[in-house]
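Spelled out from the first residue to the last, the chains are:
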Amino acid sequence: MDDRTQKGILVDDASDDRSYENAHVEAAYARWAPIYDLVFTAVMRPGRKAAAAALAEMASRGGRILDVGVGTGLELPMFDPRGRIIGVDLSLPMLRRAQERINQQNLRQVEGLAVMDAARLAFADATFDRVVAPYVLTVLPDPHASLDEFLRVLKPGGEIVLVNHIGAEDGLVAFVERWLGRRAAALGWKPEFPWAIVGDWLATRPCRLAERKTLPPLGLFTLARIVKN
Ligand SMILES: C[S@@+](CC[C@H](N)C(=O)[O-])C[C@H]1O[C@@H](n2cnc3c(N)ncnc32)[C@H](O)[C@@H]1O
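Note that the coordinates shown come from a computational prediction; the quantities given were computed from them, not determined experimentally.

What counts as what
Residues numbered from 1 in each chain as written. Predicted model: local features only at pLDDT ≥ 70, side-chain atom pairs only at ≥ 80, totals over all residues. Heavy atoms only, no water. Helix = DSSP H or I, 4+ residues; strand = E, 2+ residues; numbered from the N terminus. Buried < 20%, exposed > 50% of the residue type's maximum accessible area, 1.4 Å probe, protein only. Contact = heavy atoms within 4.5 Å. Areas by Shrake-Rupley, 256 points an atom, 1.4 Å probe, with all protein chains shown as cover. Salt bridge = Lys/Arg side-chain N within 4 Å of Asp/Glu carboxyl O. Expected span 1.5 Å × (residues − 1). Bend = angle between axes of the 7 residues up to and from the residue. Pairing = 2+ DSSP bridges. Right-handed = clockwise from strand over helix to strand, strands pointing away. Arc of directions from axis to C-beta. Polar contact = N/O pair within 3.5 Å; in protein donor to acceptor, adjacent residues only side chain to side chain. Near = heavy atom within 4 Å. Nonpolar A, V, L, I, M, F, W, Y, C, P; charged D, E, K, R; others polar.

Draft legend 1. Examining the overall build of the protein more closely. In terms of helices and strands, the protein carries eight helices and nine strands. Every one of the 229 residues in the protein was classed for burial, and the buried ones make up 52%. Partitioning the contacts of the protein with sequence separation of at least 6, the portion at a separation of at least 24 is 69%. When the accessible surface of the protein is split by element, carbon and sulfur atoms take 55% of a total near 10,700 Å².

Draft legend 2. Layout of the pattern of salt bridges. Counting across every chain of the model gives 12 salt bridges. Between Glu111 and Arg84 there is a salt bridge, with its nearest N and O atoms 3.1 Å apart. With a gap of 27 residues between them, Glu111 in strand S5 (residues 110-115) and Arg84 in strand S4 (residues 84-89) connect regions that are remote in the sequence. Residue Asp129 pairs with Lys155 through a salt bridge whose shortest N-O separation is 3.2 Å. With Asp129 in strand S6 (residues 128-134) and Lys155 in strand S7 (residues 154-165), this pair connects stretches of sequence that are 26 residues apart. Shared partners join several salt bridges into a network, and the residues in it are Glu159, Glu211, Lys213 and Arg225.

Draft legend 3. Quick peek at helix H3 (residues 45-60). Between the first and last C-alpha of H3 there are 21 Å, a value that for 16 residues agrees with the 22 Å anticipated at 1.5 Å per step. Maximal helix bending in H3 amounts to about 40°, located at Ala54. Listed in full, the buried residues belonging to H3 are Gly47, Arg48, Ala50, Ala51, Ala52, Leu55, Met58 and Ala59. Elements in contact with the buried residues of H3: helix H2 (36-40), strand S3 (64-68), S6, S7, strand S8 (207-215) and strand S9 (221-228).

Draft legend 4. Representation of the side chain of Glu159 in the model. Residue position: Glu159 is located in strand S7. Other than its neighbours up to four places away in sequence, Glu159 contacts Asp129, Arg130, Val131, Leu154, Arg225, Ile226 and Val227.

Draft legend 5. Looking closely at the pairing of S7. Burial analysis of S7 places nine of its 12 residues in the buried class, the great majority of the element. Bridge analysis of S6 against S7 gives six bridges, and the strand direction is parallel. Paired with Pro134 across the two strands is Val163, which belongs to S7. Taking the sense of rotation as the criterion, the β-α-β connection linking S6, helix H5 (residues 143-153) and S7 turns out right-handed. When S7 meets S9, the two strands line up antiparallel, connected through seven bridges. Within S9, the position partnered with Ile160 by the bridge is Ile226.

Draft legend 6. Region of the structure containing helix H4 (residues 92-105). Between its terminal C-alpha atoms H4 stretches 20 Å, which fits the 20 Å expected from 14 residues at 1.5 Å a residue. All of the buried residues along H4 are Leu92, Met94, Leu95, Ala98, Gln99, Arg101 and Ile102. One face of H4 carries all of its buried residues, which in axial projection span an arc of 165°. With respect to the buried face of H4, the exposed residues turned more than 90 degrees away are Asn103 and Gln104. For H4, the capping residue at the N-terminal end is Ser91, with a side-chain oxygen 3.2 Å from the backbone nitrogen of Met94. Phi turns positive one or two residues past the end of H4, at Asn106, with a value near 50°.

Draft legend 7. A look at the site of the ligand. Neighbouring the ligand are 20 residues, the closest being Tyr36, Arg48, Gly69, Asp89 and Ala118. A distance of 2.8 Å is found between a nitrogen atom of the ligand and a backbone nitrogen or oxygen belonging to Gly69. Within the side chain of Glu75, an N or O atom sits 3.0 Å from a nitrogen atom of the ligand. In isolation the ligand has 590 Å² of accessible area, and contact with the protein removes 98% of it. Per-element tally for the shell around the ligand: the top contributor is helix H1 (residues 20-32), with three residues. Of the residues contributing to the shell around the ligand, the split by class is 12 nonpolar, four polar and four charged.

Treat this as a map of the structure, not an account of what it does.
Right, dumping it as C-alpha cells:
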C-alpha cells in the first residue's frame, strides 16, 4: 500500500486496473456522491447502528476493523472511538465525503481511507479482527470473490459483519425488485439479491453463520455475522 495519496486518501495503484463492472459502479457512485447522504442517511441508519453494535465489544478493546465500501462514511461516527478502523471503497468521490466527515467530527477511530477493490484487498492475510460491509454486497459484481477476500484478511476467530437488503422470493415486493433489477447498472446496486448467494458461499468455506436477523424499516434489511474458523 505504498502508492499515491489524495488529500489523505490512499489511492492503491491496483485500483487503476478496472473491470467493466467496476467502471459502471464507479460511474454510478460518482453520480451519487454529492446527494448520497441526503437520500440514504435515514432509511439505512438502523442497519449501520446494528453493525456498529455488533462491532462494539471488539472496537472497545482496540481491535482492528476493516470497513469495506465505507462510502461517505455515514457509519464511522457510530463506531467506538477506541476502535482502529480502515475504510476502503472503489469510489474516490465517495471517500472524499468520508474524509470531510472524519475531519469535521475529528473521528480518531479512523486510521485511514483507501481506494480499493473489495475483490482485491491490498492487506496481508489475518490482518483484521473484524470486517464490516454495510450495504455493499448487493453492489459487488462478484460477491463470492469479495467474501473470500474478507475471510482471507480476517484473523482466525474474527468476524465478518454484513448488512444488506435480501431480495424477496415472491409477491409484489419481488415483482418491484425484478423491475428495478433491470435498472441495476444506473442504480449502482442489485435490488434482487437472494440469501442463497451468501448461504452457498458459507457452506463451502471455513466459517460459520453466528447470527442472521432482519432490521427496520419493515424488515427490509438483514444483518449477518459470520465467524472464521
Ligand atoms: C450503498 S453504498 C454503502 C456505503 C456505506 N457503507 C453506507 O452504509 O452508506 C455502497 C458502496 O460500495 C462501494 N463499492 C462498490 N463496489 C465496490 C468494490 N468492488 N470495492 C469496494 N467498494 C465498492 C461503492 O462505491 C459505495 O460507496
